[in-house]
Amino acid sequence: MENLYDLIIKNGNVVLPNEVSRLDIGIIKGKIAALGKDLPIIPNTMIIDAEEHYVLPGMIDMHVHFNEPAMGHWEGFRSGSAALAAGGCTTYADMPLNGNPPTVNRAALNLKADAANGNSAVDYVLWGGLVPGNLADLEELAAAGVTGFKAFLSNPGGEGEGRFREVDDDTLYQGMKIIASFGGILALHAESEDITNALSLDAERNGRNTAGDFASCRPPEAELEAVARALLYSERTGCRLHFVHISTSTAIEMIHTAKLRGLDVTAETCPHYLILNEQHMEDLGPVAKCAPPLRSEEEREKLWKVLSEGKIDLIASDHSPCPTELKVKSGLSFFEAWGGISGAQSSLELMFHEGVNVRGLPVTLISSLLAELPAKRFGMQDRKGSIAVGLDADLVLLHPNRSHSLQAEELLYRHKHSPYIGMTLSCQVTSTISRGKVVYTAEGGVISGTGGQWLRLHEGQLME
Ligand code: ZN
């Protein structure tokens, strides 16, 4: 047989969609060409021995905030994608709001794409935005290959004239009608602006500015009201919806119920809602500040319950970095500090550690939430998200029992803060492979930092 594999990954416990199997993976020209026992080796074949390792499909992180163009001093494609590669992520989706200009029209998308081009360690997709005033830009953004649209129901923060704004109800409704007309998908930050704004103003008037006060200004009801409203709009417009970073099990149940009655809606949550609780916000300070806020320990347990029941569609990091001084400057109140958790490098290890090693959930379940389900939801399943013949060889080797304490120096973000520093993780990503190329090893760090490509989508399919 003349099959000349460029690379064979041997002896690993390969995480397939429904089972884990000890197989070799043969790779030709960046694609998975064979799965089998004892694949033939010829002199030029590169071998990676995955003994004692799981081989998983690379994570697909649908929710990161890189800040280019213009705000790369917060986080850029180089540093951000290197951190993702080190964490076992092989495809990510950049959110439209933190660059200047935000990605809300074709010209801004071009600037975003230029900033990313040649600077990403792994493949990526780009979100467009839905904001007041850009209804006429949506179709053109879709035709240019954005993966979908992101909108905020609550104020996203930030400053300046051109900043990304939350949608009013009319923009949301009209936007959803337009997005539905071309079969697009809308991702929503679901917190009620009316509720969070009124509570925040009241806290400010009364000088309440602790972590606990912040959390009480963004109660679960703010999430539930926003989810209920958006589900109604989805039902009336036929627009597909993806709820980002859902923080409560009740909202997950609402979305799940809507799905059962036929709505095309999905729910994401993030490692921080599954690993941390409101006490971490008190103890760690603004490094653990995010919106919606971290919830109670009881709520964290309930989220794991709905996750184990298959009611959560995917896990994404919501990596939302900033210069460290915006988290820790002296005199900075919890309210004034930047809201956003920097955590993308740890997503897979956190989920495997807590989900598989601590809670005993199936590796296949955790893997599907990190790779297969996001690929399917966003039209990438013909190339990404599973270990199967014909798909891109986007793979991660993870040692399931290698305990290490996360150190700031290991983090490849531009600014090395994270609420997970000092945490002991029971597993470790040891290699990441993107389209058949090793892009990261635990010993060598990031080896190849610029080969990532923009995957454009059109009408729910990858464009060639
Ligand atoms: Zn986000």
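Because the structure is predicted, anything quoted here is derived from the model rather than measured.

*Asks:* In this structure, what is going on with the overall build of the protein chain? I would like to understand it.
*Replies:* From N to C terminus, the protein chain includes 14 helices and 22 strands. Scaling as 2.2 N^0.38, a compact globule of 464 residues should have a C-alpha radius of gyration of about 23 Å, and the protein chain matches this with 21 Å. Its C-alpha atoms give the protein chain principal-axis dimensions of about 75 × 45 × 45 Å. The proportion of buried residues among the 464 residues of the protein chain is 61%. Residue pairs in contact within the protein chain that sit at least 24 positions apart in sequence constitute 74% of those at least 6 positions apart. Across the protein chain, the mean location of the 39 positive side-chain charges is 2 Å away from that of the 59 negative side-chain charges.

*Asks:* Honestly, the environment of I447 in this entry has me stumped. Any pointers?
*Replies:* Position of I447 relative to the elements: it lies in the loop between β20 (445-446) and β21 (457-458). Leaving out residues up to four positions away in the same chain, I447 has contacts with V438, V439, Y440 and T441.

*Asks:* It is not clear to me how the sheet that holds strand β10 (residues 149-152) should be interpreted in this structure. Could you clarify?
*Replies:* The strands making up a sheet associate through hydrogen bonds between their backbones, and the pairing can be parallel or antiparallel. Spatially, β9-β10-β11-β12-β13-β14 is the arrangement adopted by the 6 strands of the open sheet, whose pairing is parallel. The sheet is open, and its two edges are formed by β9 (128-129) and β14 (314-315), each paired on a single side. Where β10 meets strand β11 (residues 185-189), 4 bridges bridge the pair, whose relative direction is parallel. By the bridge assignment, F152 is partnered in β11 with H189. The strands that helix α7 (residues 220-237) touches are β11, β12 (240-243) and β13 (265-269); relative to β12, the one it contacts most, it runs at about 165°.

*Asks:* It is not clear to me how the coordination of the zinc ion should be interpreted in this structure. Could you clarify?
*Replies:* Each angle at a metal carrying four tetrahedral donors should ideally be 109.5 degrees, and each at a metal carrying six octahedral donors should ideally be 90 or 180 degrees. Only H63 (NE2), H65 (NE2) and D318 (OD) from the protein coordinate the zinc ion, and they sit 2.0 to 2.1 Å from it. Binding-site remark: the zinc ion is held by donors from one chain whose sequence spacing is H-x1-H-x252-D. The exposure classification of H63 matches that of H65, with both residues buried.

*Asks:* I would appreciate a short explanation of the packing of helix α13 (residues 347-358) against helix α14 (residues 363-377) in the present structure.
*Replies:* The angle between the axes and the distance between the axes are what describe a pair of packed helices. Where α13 contacts α14, the two axes come as close as 10 Å, and the packing angle between them is 150°. The angle between α13 and α14 falls in the class roughly antiparallel. For the pair α13 and α14, the sense of crossing is right-handed. Together, L348, M351, F352, G355 and V356 of α13 and V363, I366 and L370 of α14 make up the contact between the two elements. In the contact of α13 with α14, the residues fall into 7 nonpolar, 1 polar and no charged.

*Asks:* Any chance you could explain the pattern of salt bridges here in plain terms?
*Replies:* Proximity of charged atoms lets side chains of opposite charge pair with each other. Taken as a whole, this structure holds 29 salt bridges when the rule is applied. Between K112 and D94 there is a salt bridge, with the nearest N and O atoms lying 2.5 Å from each other. Placement of K112 in helix α2 (residues 106-116) and of D94 in strand β7 (residues 89-94) is noted, with a sequence separation of 18 residues between them. According to the relative accessible area criterion, D94 is buried, its value standing at 0%. Linking K305 and E309 is a salt bridge whose minimum nitrogen-to-oxygen distance equals 2.8 Å. Using a relative accessible area of 37% as the deciding quantity, one classes E309 as partly exposed. Salt bridges linked by common partners bring K31, D123, R383, K384, D392, D394 and R435 together as one network.

*Asks:* How do you make sense of the nonpolar core when you look at a structure like this?
*Replies:* Judged by nonpolar contacts, the single largest core of 97 residues is most densely connected at Y92, F149, L186, L188, F243 and L307. Among the nonpolar cores identified, the runner-up in size contains 22 residues, and L97, V131, V244 and L457 belong to it.

*Asks:* In this structure, what is going on with α13? I would like to understand it.
*Replies:* Because the α-helix completes a turn every 3.6 residues, residues three or four places apart line up on one side. For α13, spanning 12 residues, the distance from its first C-alpha to its last is 15 Å, which sits close to the expected 16 Å at 1.5 Å a residue. Counting buried residues along α13, 10 of its 12 residues qualify, which places the element largely inside the surrounding structure. Among the residues of α13, S347, L348, E349, L350, M351, F352, H353, E354, G355 and V356 are the ones counted as buried. Downstream of α13 by one or two residues, G360 has phi in the positive range, about 70°.

Thresholds applied
Residues numbered from 1 in each chain as written. Predicted model: local features only at pLDDT ≥ 70, side-chain atom pairs only at ≥ 80, totals over all residues. Heavy atoms only, no water. Helix = DSSP H or I, 4+ residues; strand = E, 2+ residues; numbered from the N terminus. Rg over C-alpha atoms; globule rule 2.2 N^0.38 Å. Buried < 20%, exposed > 50% of the residue type's maximum accessible area, 1.4 Å probe, protein only. Contact = heavy atoms within 4.5 Å. Lys, Arg positive; Asp, Glu negative; His and termini not counted. Charge placed at Lys NZ, Arg CZ, Asp CG, Glu CD. Pairing = 2+ DSSP bridges. Axes fitted to C-alpha atoms, helices over the stretch in contact; angles between N-to-C directions. Donors = N, O, S within 2.8 Å, 3.2 Å for Na, K, Ca; no water. Parallel < 35°, antiparallel > 145°, perpendicular 65-115°, else oblique. Left-handed = near helix turned anticlockwise from the far one by under 90°. Nonpolar A, V, L, I, M, F, W, Y, C, P; charged D, E, K, R; others polar. Salt bridge = Lys/Arg side-chain N within 4 Å of Asp/Glu carboxyl O. Core = buried A, V, L, I, M, F, W, Y, C linked by side-chain atoms within 4.5 Å. Expected span 1.5 Å × (residues − 1).

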